[in-house]
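# Observations on the three-dimensional arrangement
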Amino acid sequence: MLENIIFGLMVVAALGAAVFTCIYETGGFKRSSDKEQPEKQSGNQKSE
């Protein structure tokens, strides 16, 4: 009985960590792409 409760808590913790990691990585990607966009736009202006 106690093993099932501990296992359930471990599963919930693992899923929570996975969701948090996905959200964090997605947010980090959006921030990095926002920083790259002005550089790409300035590069396009130089080529014109």
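Note that the structure is a prediction, hence the values are computed from the model and not measured.

### Comments concerning the overall build of the chain
Secondary structure assignment for the chain yields one helix and zero strands. Put simply, the chain shows about 4,600 Å² of open surface, and 66% of that area lies on carbon and sulfur atoms.

### Structural notes on a nonpolar patch on the surface
A cluster of nonpolar side chains, Met1, Leu2, Ile5, Ile6, Leu9 and Met10, forms an exposed patch at the surface whose accessible area comes to about 690 Å². Relative to the helices and strands, Ile5 is located in helix α1 (residues 2-47).

### Some points on the packing of aromatic side chains
Evaluated as defined, the whole model comprises one aromatic pair. Look at Phe20 and Tyr24: their rings are 6.2 Å apart centre to centre, the planes differ by 20°, and that puts the pair in the stacked class. Of the two residues, Phe20 and Tyr24 both sit in helix α1, four residues apart, roughly one turn of that helix. For the pair Phe20 and Tyr24, a shared accessibility class is recorded, and that class is exposed.

Conventions used here
Residues numbered from 1 in each chain as written. Predicted model: local features only at pLDDT ≥ 70, side-chain atom pairs only at ≥ 80, totals over all residues. Heavy atoms only, no water. Helix = DSSP H or I, 4+ residues; strand = E, 2+ residues; numbered from the N terminus. Areas by Shrake-Rupley, 256 points an atom, 1.4 Å probe, with all protein chains shown as cover. Patch = residues over 30% accessible without salt bridge, like charges linked within 9 Å, V, L, I, M, F, W, Y side chains within 5 Å. Salt bridge = Lys/Arg side-chain N within 4 Å of Asp/Glu carboxyl O. Phe/Tyr/Trp six-rings, centres within 6.5 Å; stacked < 30°, edge-to-face > 60°. Buried < 20%, exposed > 50% of the residue type's maximum accessible area, 1.4 Å probe, protein only.

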